[in-house]
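Fold and contact review
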Amino acid sequence: MGALDVATIKRDFPILAREIKGKRLVYLDSASSSQKPQAVLDAMDECYRNYYANIHRGVYTIAEQATAAYEEARRKVARFVNARETAEVVFVRNATEAVNLVAYTWARANLRSGDAIVLSHMEHHANVVPWQMLAAERGVELRWIPLTAGYRLDTSGLDRLLDGAKLLAISAMSNVLGTINDVAALTSAAHAGGAHVLVDACQYVPHVATDVRAWDADFVAFSAHKMLGPSGIGALWARRDLLEEMPCFLGGGEMIRDVRLDGFTPNDVPWKFEAGTMPIVEAIGFGAAIDYLTAIGMDAVRDHERELTRYTLDALADRFGADLHVYGPHDVDGRGGAVSFLFEGIHAHDISQVLDEDAVCVRAGHHCAKPLMRQLGVPATSRASFYVYNDAADVDALVEALAKAQKFFEI
Ligand SMILES: Cc1ncc(COP(=O)(O)O)c(C=O)c1O
């Protein structure tokens, strides 16, 4: 495994030096939220200590410095996903808010009773519930792309599903199965039928070099906290012409140009969607996380995760054979590093608790994808997920802890 120098990278993450119950912390829950490198902590600390002030308003030096740093973070995000222009990036709290922003503004302005939205069975609740709320309010029809037995989108009926649809809202990478979807092909099919496309890229942007122009999507949502940045900040990328014509979302603060007794004039894009005091320091931390990932190189990040996922799938199969079932594709070129699994006869929560005795952190539950769990016919899975600071030793620790759990529950 040589794509990344993980030993050096690990030292950049203070939390990874911690011991829990006398054991080295093995953090395998990055699909839920990633850990933060010293560079991100420093960038945020530096702002609070040296130039913190509210942005866009003050004319004094530190307010101008804070504003410049916040807008520089936006430029970094825009470059990271190859946006055409910086104004296409709207800062939001997280990917969930980005999807809701589109649902409340663009979708409520453009969809009415009888219109259809196409989703898939592998969507996170963040890309399901906002559309269900809209469907209930407007009488919009929701259509679903099913999955194949190999945990991929079954696109055999896609043309029929897209026929007359106004929106395709689809994840680029499943947080449960790890499946990577062919967004460019899906976008092209959707656009050919006249539908817009929203990509939930919350699991993709942190792990794979992302090019929103190559995708040709209309909206792309992602969160900083899954890509080494702080919680409380995320981004909606959208085509500028769409942002211009979309109605405002939340009202107040920086989103206005003028307010009179008889109404208001909204600010320019993207500030039109950034109401109230924004998470200023979090945006600066987001920018620092992007610098860190860029210095490693996103191709190396992807190569490393491909290698580690291959190693994990092989190690689990070798050690546990048919006792352990992995829910997700086995071909590592078409999947990311979220590995969901179940031991025959043991509940995922029980596994997680036993693993915690060895300081191995894995997720157990429905992973905010209950429709998918229902399709899989299980209430929950265990999920190990990787990032730049994980290596084969972490996977070995997982396998050893799982073997102990298996013995404990005496399969
Ligand atoms: C695929 C996917 N979409 C959306 C989200 C929601 O992200 P957030 O909680 O940051 O809004 C997640 C988080 O787990 C996710 O994995």
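This structure is a prediction, so every number in the text was calculated from the model and none was measured.

Focus on the overall build of the chain
In terms of regular secondary structure, the chain is built from 14 helices and 17 strands. For 411 residues, the compact-globule estimate of 2.2 N^0.38 gives 22 Å, and the C-alpha radius of gyration of the chain, at 22 Å, lies within 12% of that figure. The dimensions of the chain, computed from C-alpha atoms along their principal axes, are 70 × 55 × 30 Å. Taking all 411 residues of the chain together, 57% fall into the buried category. Summarising the internal contacts of the chain: among those between residues at least 6 apart in sequence, 72% fall at separations of at least 24. When the accessible surface of the chain is split by element, carbon and sulfur atoms take 50% of a total near 16,400 Å².

Section: the sheet that holds strand β9 (residues 219-223)
Spatially, the seven strands line up as an open sheet ordered β4-β10-β9-β8-β7-β5-β6, and their pairing is mixed. Edge strands, defined here as strands with exactly one partner in the open sheet, are β4 (89-92) and β6 (141-145). Ignoring which end each strand starts from, the neighbouring axes of this sheet average 20 degrees apart. Judged from the five bridges that link them, strand β5 (residues 116-120) and β6 form a sheet pairing that is parallel. Note that in β6 the partner of Val-118 across the bridge is Arg-143. Together, β5, β6, β7 (167-171) and β8 (196-200) form the strand contacts of helix α5 (residues 129-138), whose direction differs from that of β6 by roughly 145 degrees. Helix α7 (residues 183-192) rests against β7 and β8 of the sheet, and its axis sits at about 155 degrees to β8.

Some thoughts on the packing of aromatic side chains
Tallied over the full model, the rule gives 13 aromatic pairs. Where Tyr-48 meets Tyr-52, the ring centres are 5.5 Å apart and the plane angle is 35 degrees; that geometry is what we call tilted. Relative to Phe-343, the ring of Phe-320 has its centre 5.1 Å away and its plane inclined at 85 degrees; by these criteria the two rings are edge-to-face. One end of the pair, Phe-320, is in helix α11 (residues 298-320); the other, Phe-343, is in strand β14 (residues 338-343), and 23 residues separate them in sequence.

Comments concerning the pairing of strand β17 (residues 381-385)
In the case of a regular strand, side chains alternate between the two sheet surfaces. The element β17 is largely enclosed, with a buried count of five among its five residues. The side-chain alternation of β17 yields two buried faces, one formed by Thr-381, Arg-383 and Ser-385 and the other by Ser-382 and Ala-384. Strand direction decides the pairing type here: β14 and β17, joined by four bridges, are antiparallel. Note on β17: the bridge partner recorded for Ser-340 is Arg-383. Summarising the sheet, strand β16 (residues 363-365) and β17 pair through three bridges and their orientation is antiparallel.

Examining the pattern of salt bridges
On inspection of all chains with the given rule, the structure shows 33 salt bridges. Salt-bridge contacts for Glu-274 lead to Arg-74; the nearest nitrogen and oxygen are separated by 2.7 Å. One end of the pair, Glu-274, is in the loop between β12 (263-266) and α10 (280-296); the other, Arg-74, is in helix α3 (residues 61-80), and 200 residues separate them in sequence. Note on accessibility: Glu-274 and Arg-74 belong to one class, buried. Residue Arg-319 is joined to Glu-400 by a salt bridge in which the shortest nitrogen-to-oxygen separation is 2.8 Å. Note that Arg-319 is positioned in helix α11 and Glu-400 in helix α14 (residues 392-408), a separation of 81 residues in sequence.

Considering the sheet that holds strand β13 (residues 324-327)
Pairing in this open sheet of four strands is antiparallel, and the strands run β13-β14-β17-β16 from one edge to the other. The open sheet is flanked by β13 and β16, the only strands paired with a single partner. When the angles between neighbouring strand axes are averaged without regard to direction, this sheet yields 30 degrees.

Some words on the environment of Ile-256
One can find Ile-256 in strand β11 (residues 256-260). Other than its neighbours up to four places away in sequence, Ile-256 contacts Phe-264, Thr-265, Pro-266 and Asn-267.

Overview of unusual backbone geometry
A cis geometry characterises the amide bond from Val-269 onward to Pro-270, with omega recorded as 5 degrees. Along the chain, Pro-270 falls in the loop between β12 and α10. A positive phi angle is found at Lys-21, which is not glycine, with a value near 55 degrees. Residue placement: Lys-21 occurs in the loop between β1 (19-20) and β2 (23-24).

About the thresholds
- Residues numbered from 1 in each chain as written.
- Predicted model: local features only at pLDDT ≥ 70, side-chain atom pairs only at ≥ 80, totals over all residues.
- Heavy atoms only, no water.
- Helix = DSSP H or I, 4+ residues; strand = E, 2+ residues; numbered from the N terminus.
- Rg over C-alpha atoms; globule rule 2.2 N^0.38 Å.
- Buried < 20%, exposed > 50% of the residue type's maximum accessible area, 1.4 Å probe, protein only.
- Contact = heavy atoms within 4.5 Å.
- Areas by Shrake-Rupley, 256 points an atom, 1.4 Å probe, with all protein chains shown as cover.
- Pairing = 2+ DSSP bridges.
- Axes fitted to C-alpha atoms, helices over the stretch in contact; angles between N-to-C directions.
- Phe/Tyr/Trp six-rings, centres within 6.5 Å; stacked < 30°, edge-to-face > 60°.
- Salt bridge = Lys/Arg side-chain N within 4 Å of Asp/Glu carboxyl O.

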